[in-house]
Amino acid sequence: MSCFGGDINFCPECGNVLPIPGLQDFITCPRCAFKVPVLDLTGQVIRSSVVFNSLEQSSSAVQSDESSELKGPVVDRRCSRCNKEGMVYHTRQMRSADEGQTVFFTCIHCRYKEKEDS
């Protein structure tokens, strides 16, 4: 018996999501091994739903991404594809926090994309 209370879908000891009940008399938390009697779930209804984005929303998001790829600071960097000067860049933290950011460059002339790990 736990001294904590809360939503029946979560372990009262560690807060982990509990698995769906099976044929056993107890549900065992996969994180801390706390046991919840299946009878505690009697009468509980579990509902889930999936919401899909409409096609119009999806296509407008793609169009806004394409127009935003040339926004940002322009640096003097030569494109390896068209050999012209001028690229827009942005950075993202793609790896763990103790490693450098990844810099993404987009040519303002031919829209060729390059990346550089720092």
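Check the entry above for the structure.
Note that this is a predicted model, so its numbers are computed, not measured. (Residues numbered from 1 in each chain as written. Predicted model: local features only at pLDDT ≥ 70, side-chain atom pairs only at ≥ 80, totals over all residues. Heavy atoms only, no water.)

### Considerations on the pairing of strand β4 (residues 85-92)
The side chains of a regular strand alternate, residue by residue, between the two faces of the sheet. Sheet analysis places strand β3 (residues 74-78) next to β4, joined by three bridges and oriented antiparallel. Residue pairing across strands places arginine 78 opposite glutamate 85, the latter belonging to β4. Where β3 folds back on β4, the antiparallel hairpin that results is connected by six residues, among which asparagine 83 adopts a positive phi of roughly 65 degrees. The pairing of β4 with strand β5 (residues 102-107) spans six bridges and is classified as antiparallel. When the bridges of β5 are listed, arginine 92 appears paired with threonine 102. (Pairing = 2+ DSSP bridges. Helix = DSSP H or I, 4+ residues; strand = E, 2+ residues; numbered from the N terminus.)

### Things to note about the pairing of β5
The buried fraction of β5 is high, at five of six residues. Bridge analysis of β5 against strand β6 (residues 113-117) gives five bridges, and the strand direction is antiparallel. Looking across to β6, one finds that phenylalanine 104 is bridged to lysine 115. As consecutive antiparallel partners, β5 and β6 are separated by five residues, and within that stretch arginine 111 has a phi angle of approximately 60 degrees, a positive value. (Buried < 20%, exposed > 50% of the residue type's maximum accessible area, 1.4 Å probe, protein only.)

Read these as layout, nothing more, since geometry by itself doesn't imply function.
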